[in-house]
Amino acid sequence: MATKTVLIVLAHQSPGSFNAAVCDVAVQELRLQGFRVLLSDLYAMKFRADATRDDIIGELKKPELFQYGDETMSAWKEDRLSNDIVAEQRKVEEADLIIFQFPLYWFSVPAILKGWFDRVFTQGFAFSLENMYDNGVFKDKKAMLSFTTGAIQTMFQPDGINGDINVTLWPIQNGTLHFCGFQVLAPQIFWCPAHSEPAARTAMLDGWRARLKGLMAEKPLAFAHADLFHLSFQGGFLMRPEVKRRHEAEPFGLTTGHHLGKPLPPDNQLKAPSREADGGK
């Protein structure tokens, strides 16, 4: 059996941080299991977050109006992307699983990780209108978020002051990872480690180590299948009417984002379905 490769993208400034400890546990445990582990420590690499003209080697296609997406797609096709982007894209190509390790900033990822997404997931390499969501470029790969919060868990409940964590995670897990085709594993959330006792932090790391032992066998989160929608500009990429009719009697929406005016399906962005979901078919 071929050796599986895991890429860990770490976005924390300090090697003494809890995020770094979580990353270290993953590297150690996965290597013990025989995985090949790649690491992109973005701050240590001084990875540039801003998406600029410097990402393209050579002349622009339309210098009179710089369009980053169009220019980087052309540069990707012609092997004219900057070396740091190419190096990360090679890691993505080699990886069977990508773990994104970061502290939650402003209900999202740190700027350096957002820049990694913006620059590395170029159009053509990571997505196209023909290849997105469950038809996406990376449909044979897995990805997951592993992150720390400054808030306690109850603050991110539907009745907590920060609102439902499922809503917070939807743009990243669906709009970035699933959009590019990844099978998205349930997130690993470390609630408020900075304000936890040492024993509690140790327990968090032990729980992570235990999960890593069976991570590759986990079922991914459930998302709406692309074939439930009119996949054309003429059809507006809207959900098919018969699909909506089929769900009229259901107590919950289809997903966190496709709620159809109903209550959100519980833990849609936190847990894989207990049985094989039909995705609305």
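Source: prediction; values computed, not measured.

Parameters at a glance
- Residues numbered from 1 in each chain as written.
- Predicted model: local features only at pLDDT ≥ 70, side-chain atom pairs only at ≥ 80, totals over all residues.
- Heavy atoms only, no water.
- Buried < 20%, exposed > 50% of the residue type's maximum accessible area, 1.4 Å probe, protein only.
- Helix = DSSP H or I, 4+ residues; strand = E, 2+ residues; numbered from the N terminus.
- Pairing = 2+ DSSP bridges.
- Right-handed = clockwise from strand over helix to strand, strands pointing away.
- UniProt positions renumbered as here; feature names shortened; annotations may be inferred.
- Phe/Tyr/Trp six-rings, centres within 6.5 Å; stacked < 30°, edge-to-face > 60°.

Participant: How should the pairing of strand S1 (residues 5–10) be read in this particular structure?
Facilitator: Side-chain positions along a regular strand alternate between the two faces of the sheet. Counting buried positions along S1 gives six out of six residues, so the element sits mostly inside the fold. Burial along S1 is two-sided: the face carrying Thr5, Leu7 and Val9 and the face carrying Val6, Ile8 and Leu10 are both buried. Bridge count for S1 against strand S2 (residues 36–41) is six bridges, and the pairing is parallel. Looking at S2, one finds that isoleucine 8 is bridged to leucine 39. In terms of handedness, the path from S1 via helix H1 (residues 18–32) over to S2 forms a crossover that is right-handed. Examined bridge by bridge, S1 and strand S3 (residues 97–103) share five bridges and lie parallel to one another. Within the sheet, the bridge partner assigned to leucine 7 lies in S3 and is isoleucine 98.

Participant: Would you explain the UniProt feature "domain: Flavodoxin-like fold" (unreviewed entry) in the chain in this entry?
Facilitator: Mapped onto this structure's residue numbering, the UniProt feature "domain: Flavodoxin-like fold" (unreviewed entry) falls at residues 4–211. Within the segment residues 4–211, helix and strand shares are 38% and 15% respectively, and the terminal C-alpha atoms sit 17 Å apart.

Participant: Would you explain the packing of aromatic side chains in this entry?
Facilitator: Aromatic ring pairs are reported here in terms of the distance separating the ring centres and the angle at which the planes meet. Per the counting criterion, the structure on display carries 19 aromatic pairs. Ring plane angle 80° and centroid distance 5.7 Å describe the contact between tryptophan 116 and phenylalanine 117, whose orientation is recorded as edge-to-face. For the pair tryptophan 116 and phenylalanine 117, a shared accessibility class is recorded, and that class is buried. Geometrically, the ring pair formed by phenylalanine 156 and tryptophan 191 is tilted, given 6.1 Å between the ring centres and 40° between the ring planes. Of this pair, phenylalanine 156 sits in the loop between strand S4 (142–148) and helix H6 (165–178) while tryptophan 191 sits in the loop between strand S6 (188–190) and helix H7 (198–212), and the two are 35 residues apart along the sequence. Classification of tryptophan 191 as buried rests on a relative accessible area of 18%. Aromatic rings pair up to connect Phe100, Trp116, Phe117, Phe121, Phe125, Phe138 and Phe182 into one cluster.

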